[in-house]
Amino acid sequence: MPAPLSAARFLDVLKEEGLRVVEVDDWQTHHRNHKGPWGTVHGVMVHHTATSGAESTVRLCYDGRPDLPGPLCHGVITKDGTVHLVGGGRANHAGLGDGDVLRAVIAEKRLPPDNEADTDGNRAFYGFECENLGDGTDPWPPAQITALEKAAAALCRAHGWTERSVIGHLEWQPGKSDPRGFTMDDLRERIADRLK
């Protein structure tokens with residue numbers, strides 16, 4: 001059963017993939033592990049932040065909101081392609097989602113429709129929040145998409161997963177729309193090419 005990477009190994013695999021990484025405060029020990037287990041991990045979940053501005057977005061994902069404490073992910077990918085590490089354990093990013101989707105991710109099969117919210121995703125997925133308004137018109141610069149592709153591929157490589165272990169929040173939890181502005185199938189195709 002795949003245990004989560006240590007904070008040091010998480011940092012290393014991202015750098016080995018050629019990413020520019022910024023470590024934010026005490027990210028290695030910043031987590032929500034007291035709220036439940038972190039792991040077994042089975043994949044990578046992609047989000048958009050619905051915010052703009054790199055500095056404020058990173059701060060929000062580290063600190064959280066009044067109704068949802070941080071960290072809100074493990075890494076924030078800003079528009080310039082930098083990965084800002086904000087969490088080193090369980091993070092408030094996935095919430096409850098569809099257990100059938102998790103089983104498909106584990107089996108690395110085509111995803112079924114997400115029509116239930118019965119399974120804790122915060123324990124099972126690494127999360128990357130990408131700085132984007134999520135309105136369908138805010139651009140996704142090539143540097144940002146490439147960084148997302150590299151980050152997801154790095155974790156897949158470290159765990160021996162295929163691109164099928166990378167999903168969008170919209171594929172996990174009913175009613176979610178993120179990430180909006182590209183398709184997860186296109187992203188998975190890019191990740192598959194990188195893993196060859």
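Our subject is the structure listed above.
For the structure given in this document, a descriptive report is provided here. (Residues numbered from 1 in each chain as written. Predicted model: local features only at pLDDT ≥ 70, side-chain atom pairs only at ≥ 80, totals over all residues. Heavy atoms only, no water.)

## Structural notes on the overall build of the protein
The helix and strand inventory of the protein stands at 5 helices and 10 strands. A globule of 196 residues ought to have a C-alpha radius of gyration of about 16 Å, and the protein, at 15 Å, matches this closely. The C-alpha extent of the protein, read off along each of the three principal axes, is 35 × 35 × 30 Å. Here the protein, with 196 residues, has 54% of them falling under the buried criterion. Of all intrachain contacts in the protein linking residues separated by at least 6 positions in sequence, the fraction that spans at least 24 positions is 72%. Working note: accessible area of the protein is about 8,500 Å², and carbon and sulfur atoms make up 50% of it. When the 22 positive and 29 negative side-chain charges of the protein are each reduced to one mean point, those points stand 3 Å apart. (Helix = DSSP H or I, 4+ residues; strand = E, 2+ residues; numbered from the N terminus. Rg over C-alpha atoms; globule rule 2.2 N^0.38 Å. Buried < 20%, exposed > 50% of the residue type's maximum accessible area, 1.4 Å probe, protein only. Contact = heavy atoms within 4.5 Å. Areas by Shrake-Rupley, 256 points an atom, 1.4 Å probe, with all protein chains shown as cover. Lys, Arg positive; Asp, Glu negative; His and termini not counted. Charge placed at Lys NZ, Arg CZ, Asp CG, Glu CD.)

## What about the pattern of salt bridges?
By the definition in use, this model includes 15 salt bridges. One salt bridge in this structure joins Glu149 and Arg190, with 2.6 Å as the shortest N-O distance. Within this pair, whereas Glu149 is found in helix H4 (residues 142–159), its partner Arg190 is found in helix H5 (residues 184–195), the two being separated by 41 residues in sequence. On the basis of relative accessible area, Glu149 is assigned to the buried category, the value being 7%. Judged by relative accessible area, Arg190 falls into the partly exposed class, the value being 33%. Here Asp193 makes a salt bridge to Lys196, at a shortest N to O gap of 3.2 Å. (Salt bridge = Lys/Arg side-chain N within 4 Å of Asp/Glu carboxyl O.)

## Some words on the side chain of Asn122
With respect to the secondary-structure elements, Asn122 resides in the loop between strand S8 (119–120) and strand S9 (125–130). Among the residues examined, Asn122 registers a relative accessible area of 7% and is labelled buried. Reaching out from Asn122, the side chain makes a polar contact with the backbone nitrogen of Ala94 at a distance of 2.8 Å. Leave out the neighbours within four places in its chain, and Asn122 touches Trp38, Arg90, Ala91, Asn92, His93, Ala94 and Gly95. (Polar contact = N/O pair within 3.5 Å; in protein donor to acceptor, adjacent residues only side chain to side chain.)

## Quick word on helix H2 (residues 54–63)
Buried within H2 are the following residues: Thr57, Val58, Cys61 and Tyr62. With its buried residues spanning 130° around the axis, H2 presents them on a single face. Among the structural elements, strand S3 (64–65), strand S5 (75–77), strand S6 (83–85) and S9 are those in contact with the buried residues of H2. Gly64 lies just past H2 and shows a positive phi near 85°. (Arc of directions from axis to C-beta.)

## Regarding the sheet that holds strand S2 (residues 43–48)
Within a beta sheet, neighbouring strands are joined by backbone hydrogen bonds and run either parallel or antiparallel to one another. Reading across the sheet, the 6 strands line up as S1-S6-S5-S9-S2-S10 and stay open at both edges, with mixed pairing between neighbours. The open sheet has two edge strands with one neighbour each: strand S1 (21–23) and strand S10 (166–168). If you compare each strand with its neighbour and ignore which way they point, the axes differ by 25° on average. Where S2 lies against S10, 3 bridges are found, and the strand directions are parallel. Among the inter-strand pairings, Val46 is bridged to a residue of S10, identified as Gly168. (Pairing = 2+ DSSP bridges. Axes fitted to C-alpha atoms, helices over the stretch in contact; angles between N-to-C directions.)

## Some thoughts on the packing of aromatic side chains
Under the criterion given, the structure shown has 7 aromatic pairs. Ring centres 6.4 Å apart and planes at 15° place the aromatic pair Phe10 and Phe128 in the stacked group. Placement of the pair is Phe10 in helix H1 (residues 7–16) and Phe128 in strand S9, with a sequence separation of 118 residues. As far as burial versus exposure is concerned, Phe10 and Phe128 are alike and both buried. (Phe/Tyr/Trp six-rings, centres within 6.5 Å; stacked < 30°, edge-to-face > 60°.)

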